[in-house]
4 protein chains.
Amino acid sequence: MARPVHRSLKEKQRQEREELILQVVEEVLLERGYRDTSMEEIATRVGIAKGTLYLHFTKKEDLMFAFFEREMQKILSAIEQPFPANMSAQAKLESIVRSMHNDPSGKRGDLLYILFHSEDFKIILQQKSATTLTRISDTVLLYLEEGKARHEFDPHIPTVIMLNSFFSVLSPRAHRRLLQSGEYSHEEIMRYVQRIYFRGIGGHIS
Amino acid sequence: MARPVHRSLKEKQRQEREELILQVVEEVLLERGYRDTSMEEIATRVGIAKGTLYLHFTKKEDLMFAFFEREMQKILSAIEQPFPANMSAQAKLESIVRSMHNDPSGKRGDLLYILFHSEDFKIILQQKSATTLTRISDTVLLYLEEGKARHEFDPHIPTVIMLNSFFSVLSPRAHRRLLQSGEYSHEEIMRYVQRIYFRGIGGHIS
Amino acid sequence: MARPVHRSLKEKQRQEREELILQVVEEVLLERGYRDTSMEEIATRVGIAKGTLYLHFTKKEDLMFAFFEREMQKILSAIEQPFPANMSAQAKLESIVRSMHNDPSGKRGDLLYILFHSEDFKIILQQKSATTLTRISDTVLLYLEEGKARHEFDPHIPTVIMLNSFFSVLSPRAHRRLLQSGEYSHEEIMRYVQRIYFRGIGGHIS
Amino acid sequence: MARPVHRSLKEKQRQEREELILQVVEEVLLERGYRDTSMEEIATRVGIAKGTLYLHFTKKEDLMFAFFEREMQKILSAIEQPFPANMSAQAKLESIVRSMHNDPSGKRGDLLYILFHSEDFKIILQQKSATTLTRISDTVLLYLEEGKARHEFDPHIPTVIMLNSFFSVLSPRAHRRLLQSGEYSHEEIMRYVQRIYFRGIGGHIS
DNA sequence: CATGAATGAGCGTTCATTCAT
DNA sequence: TATGAATGAACGCTCATTCAT
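What comes next is a walk through the structure. (Residues numbered from 1 in each chain as written. Chains lettered and ligands numbered in written order. Predicted model: local features only at pLDDT ≥ 70, side-chain atom pairs only at ≥ 80, totals over all residues. Heavy atoms only, no water.)

## With respect to the relation of the copies chain B and chain A
Now for step 1: Of the transformation superimposing chain B on chain A, the axial component is 0.1 Å and the angular component is 175°, with the fit at an RMSD of 0.9 Å. The relationship between the two copies is best expressed as a two-fold rotation axis. Looking at the rotation axis and the C-alpha trace of chain B, the residue lying nearest is Gly200(B), at 1.6 Å.
Now for step 2: Residue by residue, 98% of the interface of chain B is reproduced at the interface of chain A, so both copies engage with the same surface. (Least-squares fit on C-alpha atoms with pLDDT ≥ 70 in both. Contact = heavy atoms within 4.5 Å.)

This is the structure:
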């Protein structure tokens, strides 16, 4: 029976197209922001009709959420690799920070910034309760607790507060403006910020 | 002469109304976000006609900026009080943090969050070059440098990076979600977060 | 009894104010055109409140019509002076043309142009059937017929058509653009245009 | 291949619709004038939604300008036909006058009148610098000069003044009111007015 | 499957007019 | 009589979503 083959061919094409769409979303999102990214423009840049876009994603929200998930997945897959057992918790977390910042386009910070702060998108996030996001968060939490157990970090500070601060200071978007000023390189900024954070939670400073 | 009295009465009423409008703005802004806050809805909730709103504020932008400025002024006036000369830089900064968090509604964090990240509002901020915002930032910068001079803080960390991190971790909006979870009180959260920050920049931990 | 005196005093003040208002109308009309002349702006420039304007003129239309009538009255009073009996019809008409063009501000052409062609104002004219306008028109008609009787003008051309053409070519507004180009002076333009018109209806050319 | 056929079908329908829209514009423009012609009303009368109107014309201005241009093009195409070499300049100009007046609806005069004198539309005309309008004007200018060269017209009268008077007296809108009175037919009026004009500039009277 | 024309609710803004003071 | 704050209908324009082809 040829059907399955065809179907998977179609399916493959479908996925390729969705991938293409999401790439275009990234592009337009960076140029225009969430609200001013119109379905029309995305479709046009992809080279398909507006209606076709709706065959892949039922609503604008869905499209954006799909894009968001893909980005989070990239971070997650970089994060969930097993670390050597004897690696310190801080080293693991530093590796995670690097993963969060190292994306090919170098624009992930901006993208997450746009999405996290779009008024429209926040609603979606609440509705869809992004599991990927949770898994990233859980991974960090795990290593923070590990660090506390190993006496690397101050056990008196609640882990969830450490966690929250972790994302506040170390997420790519926190230091956008400073980076744009050009005074310091991305690496310099991150080095200093990590020093503040890890010393802050009681870690050793390299 | 009754005139001046009348006028100041009118003027007083006018200010009271503007105050009322700004309160409603706060309310709607929290519920709907910047873009979905319509002039119509604000007017209706205040109990006036749309046109009346425009007697007080020429454009939606102006209304929003007025609201923003009022919030920033509240913070600034709390911040710019002179401190005793022998007070440590850290104590001064901790006092500033308290000022930033202590607002009656307890929602200032959310509000600034909404405004700072609205795609539309960012443009206004750039156009109007918010001086109040700059003055707040400058005040913090001043004490950070003072702290470095006094060897309270690590002189190897660039002050602008300390400043950026200050607002990243210590601004009211940074720990919104954690606060909403209800696990820790506002005071507890802030105590721990300050501990992380000040120890991070090399300060003494109380 | 002092009453009548007071009343006429009041009445006098009232008329003076109305005169002032109409002067301001002229000013604003020239700057902004009919539609963009707002009641607010008129009131402000006069130095009174918007509501006061409405005590003098019930509607914007009424105000504008009053202004229009005043202008037409000025033309009419210049026109209805008796001419010497032996004066030729053409000379009388040429005198009328001069009256229509010679106003102190030199802007009457523009004003009538604005009013005659405002979409809003046309409706008013139809409703109010301006009698002053009719009397001006009748005066011209009279001299055109006189001219035909005296064999100055071609008796084969219907007088109403002569009349219509009179206002088409000779009214101040007909040659605005040409005048603005600066190539010819007002006097030159009018001399040539009158030559065309009077020769056209069979008159002698001076 | 069905595509090209389909496309031209669509394209045809599109043009038909635009034609329909422009017809409705004519209708509403005559009833309401420029400013009071709302996009909503046009759409409703055409039987489409407001948004659909904007698929054809980006702005109200564009729609109105398109309508204006179409009218001017009709006149221009009627005017730019080559005339026999031995035809007199006056005969050519009379032919042009006929072209300007002969439209099926008989309302072109009113329409151009409305557009030319709308405060809003004047601005558009200046921005778009209507070339069609210029070409019509230039064509008339050409024949006026030809007439002067051939001693048909008075060489002492500046051509631009002749030109200006041409449009003042002979344009369809100049004698609207007279026509509406019903006393004379369109043909009669134009015959007399042309007699006045051409005799006025020194032409022979047929 | 793919299209893109069509929809229409919704927005910010203006201004002639009214009316309580 | 004079004020000017208040009104609210009306406008041009946008864009996510639908659906006949």
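We are not done yet, so read on.
## A look at the protein's contact with DNA strand E
Now for step 1: DNA strand E sits among 29 residues. The nearest are Thr52(A), Lys50(B), Arg17(D), Ala49(D) and Thr52(D).
Now for step 2: Considering DNA strand E, the proportion of its atoms within 4 Å of the protein that are sugar or phosphate atoms stands at 61%.
Now for step 3: At 3.4 Å from a base nitrogen of DNA strand E is found a side-chain nitrogen or oxygen belonging to Lys50(A).
Now for step 4: Between DNA strand E and Tyr54(C), the relevant distance is 3.4 Å, taken from a phosphate oxygen to a side-chain nitrogen or oxygen of the residue.
Now for step 5: Breaking the surface near DNA strand E down by element, the ones donating at least two residues are α3 (50-56) of chain A, α3 (50-56) of chain B, α3 (50-56) of chain C together with α3 (50-56) of chain D.
Now for step 6: Examining the composition of the surface near DNA strand E, we find that 5 residues originate from one element, α3(D), more than from any other. (Near = heavy atom within 4 Å. Polar contact = N/O pair within 3.5 Å; in protein donor to acceptor, adjacent residues only side chain to side chain. Helix = DSSP H or I, 4+ residues; strand = E, 2+ residues; numbered from the N terminus.)

## Considering helix α11 (residues 186-200) of chain B
Now for step 1: With 15 residues, α11(B) should cover 21 Å at 1.5 Å per step; its first-to-last C-alpha distance of 21 Å lies within 8% of that length.
Now for step 2: Burial analysis of α11(B) places 11 of its 15 residues in the buried class, the great majority of the element.
Now for step 3: Taken together, the buried positions of α11(B) are occupied by Ile189(B), Met190(B), Tyr192(B), Val193(B), Gln194(B), Arg195(B), Ile196(B), Tyr197(B), Phe198(B), Arg199(B) and Gly200(B).
Now for step 4: On its buried side, α11(B) packs onto α9 (159-170) and α11 (186-200) of chain A together with α5 (89-101), α8 (131-149), α9 (159-170) and α10 (176-181) of chain B.
Now for step 5: Of the residues one or two after α11(B), Gly202(B) is the one with positive phi, at around 95°. (Expected span 1.5 Å × (residues − 1). Buried < 20%, exposed > 50% of the residue type's maximum accessible area, 1.4 Å probe, protein only.)

## Observations regarding the interface of chain B and chain A
Now for step 1: Opposite the 40 residues of chain B that make contact, chain A presents 40 residues.
Now for step 2: Roughly 3300 Å² is buried in total at the junction of chain B and chain A, and carbon and sulfur atoms are behind 57% of that figure.
Now for step 3: The tally of links between chain B and chain A comes to 6 salt bridges.
Now for step 4: One salt bridge in this structure joins Asp154(A) and Arg199(B), with 2.9 Å as the shortest N-O distance.
Now for step 5: Summed over the shared surface of chain B and chain A, the number is 8 residue pairs in polar contact (both at pLDDT 80 or more).
Now for step 6: Broken down by secondary-structure element, the contributors of at least two residues to the side of chain B that touches chain A are α6 (108-117), α7 (119-128), α9, α10 and α11 of chain B. (Buried area = accessible area lost by both parts, 1.4 Å probe. Salt bridge = Lys/Arg side-chain N within 4 Å of Asp/Glu carboxyl O.)

## Some remarks on the interface of chain C and chain D
Now for step 1: Facing 39 residues of chain C, the contacting portion of chain D comprises 39 residues.
Now for step 2: Both sides of the chain C and chain D interface together cover about 3300 Å² of buried area, and 57% of this is carbon and sulfur.
Now for step 3: Three residues stand out in chain C for area buried against chain D, namely Glu119(C), Ile161(C) and Ile196(C), and they jointly supply 19% of the buried area on that side.
Now for step 4: Between the two partners, chain C and chain D, sit 6 salt bridges.
Now for step 5: Sorting the residues of the side of chain C that touches chain D by element identifies α6 (108-117), α7 (119-128), α9 (159-170) and α11 (186-200) of chain C as the ones contributing at least two each.
Now for step 6: When residues in the side of chain C that touches chain D are grouped by element, the largest group, 8 residues, is from α11(C).
Now for step 7: Tallied by class, the residues present in the side of chain C that touches chain D amount to 19 nonpolar, 10 polar and 10 charged. (Nonpolar A, V, L, I, M, F, W, Y, C, P; charged D, E, K, R; others polar.)

## Focus on unusual backbone geometry
All names here are of chain A.
Now for step 1: With a phi close to 60°, His151 is a non-glycine residue in the positive phi region.
Now for step 2: Mapped onto the secondary structure, His151 falls in the loop between α8 (131-149) and α9.
Now for step 3: Take His151: its relative accessible area is 65%, and that puts it in the exposed class.

## Comments concerning the environment of Ile75(A)
Residue and element names in this part refer to chain A.
Now for step 1: Mapped onto the secondary structure, Ile75 falls in helix α4 (residues 60-79).
Now for step 2: Since its relative accessible area comes to 4%, Ile75 is described here as buried.
Now for step 3: A C-alpha to C-alpha distance of 6.4 Å links Ile75 and Ser99, two positions 24 residues apart in sequence.

## Side note on the packing of helix α4 (residues 60-79) of chain C against α7(C)
Residues and elements named next belong to chain C.
Now for step 1: In the contact formed by α4 and α7, the axes pass within 10 Å of each other and the chain directions differ by 75°. In this view, α4 runs roughly perpendicular relative to α7, as classed from their interaxial angle. Taken together, the residues of α7 that come into contact with α4 (itself represented by Glu61, Asp62, Met64, Phe65 and Phe68) are Phe121, Ile124, Leu125, Gln127 and Lys128.
Now for step 2: Across the contact of α4 with α7, the residue classes break down as 6 nonpolar, 1 polar and 3 charged. (Axes fitted to C-alpha atoms, helices over the stretch in contact; angles between N-to-C directions. Parallel < 35°, antiparallel > 145°, perpendicular 65-115°, else oblique.)

## Concerning the environment of Arg32(A)
Now for step 1: Along the chain, Arg32(A) turns up in helix α1 (residues 3-32).
Now for step 2: Separated by 57 residues in the primary sequence, Arg32(A) and Ala89(A) have C-alpha atoms spaced 39 Å apart.
Now for step 3: Apart from residues no more than four positions distant in its own chain, Arg32(A) is found in contact with Thr37(A), Glu41(A), Arg45(A) and Glu119(B).
Now for step 4: Among the polar contacts listed, one links the side chain of Arg32(A) to the side chain of Glu41(A), at a separation of 2.7 Å.

Geometry only, nothing functional implied.
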